[in-house]
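Commentary on secondary and tertiary structure
Each chain, written out:
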Amino acid sequence: MSRLVTYSPKVFVPLTKLCRDVCHYCTFARPPRRGERAYMTADEVLTIARAGAEAGCHEALFTLGDKPELRYRAARDELAELGCATTIEYLARMCDLVLSETGLLPHVNPGVMTRADLELLRPVSASMGLMLETASVRLSERGGPHFGSPDKLPAARLETIRLAGELAVPFTTGILIGIGETRAERLEALAAIAALHERYGHVQEVIVQNFRAKPGTRMASHPEPSLDELLWTARAARDALPPDVHLQVPPNLSYDDFPRLLESGIDDWGGVSPVTVDHVNPEAPWPEVERLRAATEAHGFELAARLPIYPEFVGSLERWADPRVAREVRRHADASGLAREDCWAAGALAAPPPLRLGDARSAGTSVAAALAKVRDGLELDEDEVTELFEARGADLAAVADAADALRREVCGDDVSYVVTRNVNYTNVCYFRCGFCAFSKGKLAANLRGRPYVVPVEEIVRRAREAWDRGAVELCLQGGIHPGFTGETYLEICAAVKDALPDLHVHAFSALEIWQGAATLGLALDDYLARLRDVGLASLPGTAAEILDDGVRRVLCPDKVTTGQWLEVHDAAHRAGLRSTTTIMFGAVETPRSWARHLLALREQQRRTGGFTEFVPLPFVHMEAPIFLRGDARPGPTFREALLMHAVGRLALHPWITNVQASWVKLGPEGALAALRAGANDLGGTLMNESISRAAGAAHGQEMPPERLEATIRAAGRVPRQRTTLYGTPDPERTRISFGAPALAEPVNPDVSEAGLERPPRLVRPGLAAAR
């Protein structure tokens, strides 16, 4: 059972309070009043929505009366002035406005809808809702609470819910108890909802709402259901509904007794607004979020914000949302499909937000059990790693603490870094990685910068300049230029090593190795042996992205597969070359994909032992094509970024013992936080960095030893320069790395884009050798 109880940060937009129905318990609906508009204006709607966006809300809840134009001339006349034939048409216009101007996700409750109504609203709303209330026709007869309200007939409401299922609309419904129905009739209503969900899979949530008598209504003296009756009904609903349907009981209608609702099996508190009142129940204000949190945690659960569309549906947006709405949902969602809890972005200058850490001693049973396995030297499985990636509150504190303790046990308090120079020797690339803002080709002509190729002489000049500044490593990577072959990479390595035989060449991603071998028709083992013999000393772990082929088909469909990436590193390790591992996360994948990635690395390391470190690389989204198209999230949240370092430490133990925090992606403050959650390395000084900057990162190109060591000491840790393979550099190298002179301006000559769509003929590595 999940420990999460959710709520939706929202604003309430009462578009109109006119309604053709006359429910005997309702104070929301009212007849027209002289001098008052029948509908909210566009400016009024936007004022509320903008205030909600500013306050961190994700949902704009549109609640309104049912078809008032069929009852009131005032509604018809005003709709005519607005250029609309129906209330639903005006609602669609306002949803479109809120979506466009504020990015809030509309959830609409306009009453009974036809197929045409649903089709009109689906492109501008994330979800819809209609309370079934009851399956009892008896309550619509004379003397009943629904008498005179044609839209409350159960058949009409069930038909709307059914049509929503046919149209794949994520839907919220529910029952209203205490208005004269029997327990049997409640169960009948729940069974009807369950049957529709079993058929269409679209009911995301069921609300069990208790009647509250309101002065001025025909039911003002009607007895209210007791708390025990409400709890009985909620428990019955949990038993009657499929397990993937969420259950809500509104907390504000139980006043100070609301914490007891958690005893009934609910997992959602509904919408809570920091901006607007509950216009349907204005006498019952929502509990403040912190009060909800305290009550939730006191019952052993964690509170989490959600979107109006639930995580199960966020995971399949191509089915459940219009493409335009799906783009906005991704902007609001985290990797679990819940609401992003911060506005942090990898690469941005803004400081990371404070994380909400609960008491680690209150961690949930399954998280505590997984952490105990790590302490006992046992390996975590995919489900356990996935659960650790979902940690929040007390669970998050426990995971971070466990990772930090393990880091201290394995690595001590040293924090290492390497004095290195990055050379991205070309940004021309004929591959189509959706996350990459660095490569320049016919498919990336609108992105930053111009296409270039760095001549070999300039690569050597930069290497010599880095050596003179204390570098022990040169990191070489670039795009896959259509004119490059495997000889290109051999030539670069040989030139650098001829000039600087003691400089460690850390170069070429798995994609470059695979492509280089293929252009020469060589087996991977043979090609890597040739590279090693001319001076290649180790491989970076880039091009891994997410080692889950379902994700790779979205992120980088023409890149090396998971198996091919692992095959390259397996061959490198056989050739005596060490390599690093990376993960590029926060774009389109889920925590389960992260878990699969880590386990693939762990299994490879178990076989070969050639990996030196694990390097999490949070997705920098700002200029990434896949984000600009609306097909990716805006990178990980800061909680997710921290967890990647912590869970990486725990899941890869004892096979990979070094975890690096990228100051380029996280910034100095973010890197400090990672050092307290399992990381023991800050990567390199870099001197130059092009790939993250092209994507929008703003943390600079170089972090000299002076600044890196100050950052490390600020964490209460001990700085240590290292070599690529985590050895100790020559003391003279370390000495001259401090106070290094400024770099000369690098030369990146323009190149023609001619021929970018004509890559060289490739032969799969190993085929030529087999022949």
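Residues numbered from 1 in each chain as written. Predicted model: local features only at pLDDT ≥ 70, side-chain atom pairs only at ≥ 80, totals over all residues. Heavy atoms only, no water.

**What about the overall build of the protein chain?**
Helix and strand counts for the protein chain stand at 28 helices and 18 strands. Rg of the C-alpha trace for the protein chain: 30 Å, near the compact-globule value of 28 Å for 771 residues, within the 12% margin. A buried classification covers 62% of the 771 residues belonging to the protein chain. For the protein chain, the exposed surface amounts to about 28500 Å²; the carbon and sulfur share of it is 52%. (Helix = DSSP H or I, 4+ residues; strand = E, 2+ residues; numbered from the N terminus. Rg over C-alpha atoms; globule rule 2.2 N^0.38 Å. Buried < 20%, exposed > 50% of the residue type's maximum accessible area, 1.4 Å probe, protein only. Areas by Shrake-Rupley, 256 points an atom, 1.4 Å probe, with all protein chains shown as cover.)

**With respect to the packing of aromatic side chains**
For any pair of aromatic rings, the description rests on two quantities: the centre-to-centre distance and the angle between the ring planes. Summed over all chains, the structure comprises 12 aromatic pairs. Summarising the aromatic geometry, the rings of Tyr425 and Phe484 are spaced 6.2 Å apart at their centres and angled 35° between planes, so their arrangement reads as tilted. With Tyr425 in the loop between strand S11 (420-424) and helix H15 (456-468) and Phe484 in the loop between strand S12 (473-477) and helix H16 (486-499), this pair connects stretches of sequence that are 59 residues apart. Given a relative accessible area of 1%, Tyr425 falls into the buried group. Residue classification places Phe484 among the buried residues on the basis of a relative accessible area of 9%. With a centroid separation of 5.0 Å and an interplanar angle of 50°, the aromatic rings of Tyr489 and Phe508 are classed as tilted. Of this pair, Tyr489 sits in helix H16 while Phe508 sits in the loop between strand S13 (504-507) and helix H17 (510-520); the two residues are 19 residues apart in sequence, bridging distant segments of the chain. Accessibility assignment for this pair places Tyr489 and Phe508 in one class, buried. By the ring-pair criterion, three or more aromatic residues cluster together here, those being Tyr425, Phe484, Tyr489 and Phe508. Above the ring of Trp232, the side-chain terminus of Arg183 is found at 3.9 Å from the ring centroid. (Phe/Tyr/Trp six-rings, centres within 6.5 Å; stacked < 30°, edge-to-face > 60°. Lys NZ or Arg CZ within 6 Å of the ring centre and 35° of its normal.)

**Some points on the pattern of salt bridges**
Tallied over the full model, the rule gives 63 salt bridges. Between Asp151 and Arg20 there is a salt bridge, with its nearest N and O atoms 2.7 Å apart. With Asp151 in the loop between strand S4 (127-129) and helix H5 (154-166) and Arg20 in the loop between strand S1 (4-16) and helix H1 (42-54), this residue pair connects regions lying 131 residues apart in the sequence. Of the charged contacts, one joins Asp334 and Arg639 as a salt bridge, the two residues approaching to 3.5 Å between their closest N and O atoms. (Salt bridge = Lys/Arg side-chain N within 4 Å of Asp/Glu carboxyl O.)

**Details of the confidence of the model for the protein chain**
Any region with low pLDDT has predicted coordinates that should not be read closely. For the protein chain, mean pLDDT is 92; residues scoring 70 or higher make up 94% of the total. The low-confidence segment residues 691-695 (pLDDT under 50) makes 17 contacts with residues lying over four places distant or belonging to another chain. Within the model, pLDDT remains below 50 along residues 753-764, and this stretch shows 31 contacts once partners closer than five positions in the same chain are excluded. (pLDDT = per-residue confidence, 0-100. Contact = heavy atoms within 4.5 Å.)

**What about helix H24 (residues 663-675)?**
Residues separated by three or four positions in an α-helix point in the same direction, a consequence of the helix having 3.6 residues per turn. If you check H24, its first and last C-alpha atoms are just 11 Å apart, much less than what 13 residues at 1.5 Å a residue would give, namely 18 Å. Counting buried residues in H24 gives 11 out of 13 residues, a clear majority hidden from the surface. For H24, the full list of buried residues reads Trp663, Val664, Lys665, Leu666, Gly667, Gly670, Ala671, Leu672, Ala673, Ala674 and Leu675. (Expected span 1.5 Å × (residues − 1).)

**What about the sheet that holds strand S18 (residues 718-722)?**
What holds strands together in a sheet is hydrogen bonding between their backbones, with the strands either parallel or antiparallel. Pairing in this open sheet of 3 strands is parallel, and the strands run S17-S10-S18 from one edge to the other. Unpaired on one side and paired on the other, strand S17 (681-684) and S18 mark the two borders of the sheet. Looking at each pair of strands side by side, their axes are set apart by 20° on average, direction ignored. Across 5 bridges, strand S10 (residues 414-418) lies against S18 in parallel orientation. For Val415, the partnering residue across the bridge sits in S18 and is Pro719. Each of S10 and S17 is contacted by H24, which is oriented at about 160° to S17, the strand it contacts most. (Pairing = 2+ DSSP bridges. Axes fitted to C-alpha atoms, helices over the stretch in contact; angles between N-to-C directions.)

**A word on the environment of Asp257**
Mapping Asp257 onto the fold places it in the loop between strand S7 (246-248) and strand S8 (268-272). For the pair Asp257 and Leu227, spaced 30 residues apart in the sequence, the C-alpha separation amounts to 8.1 Å.

**Some words on the packing of helix H3 (residues 87-102) against helix H11 (residues 323-332)**
The interhelical angle for the contact between H3 and H11, taken along N-to-C directions, is 40°, at an axis separation of 11 Å. As the angle between them shows, H3 and H11 are arranged oblique. Of the two possible hands of crossing, H3 and H11 adopt the one that is left-handed. Contact residues: H3 offers Asp96, Leu99 and Ser100, while H11 offers Arg324, Val325 and Glu328. Residues belonging to the contact of H3 with H11 are distributed by class as follows: 2 nonpolar, 1 polar and 3 charged. (Parallel < 35°, antiparallel > 145°, perpendicular 65-115°, else oblique. Left-handed = near helix turned anticlockwise from the far one by under 90°. Nonpolar A, V, L, I, M, F, W, Y, C, P; charged D, E, K, R; others polar.)

**Considering the side chain of His621**
In this fold, His621 is placed in the loop between strand S16 (611-618) and helix H22 (625-628). Given a relative accessible area of 11%, His621 falls into the buried group. Within the structure, the side chain of His621 is placed 3.5 Å from the backbone oxygen of Pro634, a separation counted as a polar contact. (Polar contact = N/O pair within 3.5 Å; in protein donor to acceptor, adjacent residues only side chain to side chain.)

**A few points about the sheet that holds S12**
An order of S11-S12-S13-S14-S15-S16 is seen for the 6 strands of this open sheet, with the pairing classed as parallel. This sheet does not close on itself; its edge strands, each paired only once, are S11 and S16. Strand-to-strand, the axes of this sheet are offset by a mean angle of 25°, without reference to chain direction. When S13 meets strand S14 (residues 536-539), the two strands line up parallel, connected through 2 bridges.

**Brief notes about unusual backbone geometry**
Residue His653 is joined to Pro654 through a cis peptide bond whose omega torsion reads 5°. Topologically, Pro654 is positioned in the loop between helix H23 (638-652) and H24. Even without a glycine there, the phi angle at Glu133 is positive, about 70°. Assignment of secondary structure puts Glu133 in the loop between S4 and H5. One non-glycine residue, Tyr726, lies in positive phi territory at about 70°. Its place among the elements puts Tyr726 in the loop between S18 and helix H27 (731-737).

**Focus: helix H8 (residues 289-298)**
Within the span of H8, buried status applies to Leu292, Arg293, Ala295 and Thr296. Of the residues one or two after H8, Gly300 is the one with positive phi, at around 85°.

**As for the side chain of Asp117**
On the secondary structure map, Asp117 appears in helix H4 (residues 115-121). Here Asp117 sits buried without a salt bridge, and the closest side chain of opposite charge, Lys67, lies 5.9 Å off (N-O distance). A distance of 3.0 Å separates a polar atom in the side chain of Asp117 from the backbone nitrogen of Thr114. Dropping the residues within four chain positions of it, Asp117 is found in contact with Ile88 and Val112. (Lys, Arg positive; Asp, Glu negative; His and termini not counted.)

**Structural notes on the pairing of S8**
Across the 5 residues of S8, 5 count as buried, placing the element largely inside the fold. Across 3 bridges, S1 lies against S8 in parallel orientation. Bridge pairing in S8 places Thr6 opposite Asp268.

**Here we look at the pairing of S14**
In terms of strand pairing, S14 meets strand S15 (residues 578-585) through 2 bridges, oriented parallel. Looking across to S15, one finds that Ser538 is bridged to Arg578.

**Comments concerning the nonpolar core**
Within the largest apolar cluster, 128 residues are counted, with the highest numbers of intra-cluster contacts made by Tyr425, Leu476, Phe508, Leu531 and Trp565. With 10 residues, the top contributor of residues to this core is H23. Excluding anything up to four places from it in sequence, Tyr425 contacts Tyr452, Val453, Val454, Ile459, Leu476, Gln477, Gly478, Phe484, Tyr489, Ile492, Phe508 and Glu512. (Core = buried A, V, L, I, M, F, W, Y, C linked by side-chain atoms within 4.5 Å.)

**Describing the packing of helix H21 (residues 591-608) against H23**
Two quantities define a packed helix pair, namely the angle between the helix axes and the distance between the axes. Packing of H21 against H23 leaves a shortest axis separation of 10 Å and a crossing angle of 35°. When you trace H21 past H23, the crossing you get is right-handed. Listed contacts from H23 to Trp594, Leu598, Leu601 and Arg602 of H21 are Glu640, Met644, Val647, Gly648, Ala651 and Leu652. Taken together, the residues that form the contact of H21 with H23 break down as 7 nonpolar, 1 polar and 2 charged.

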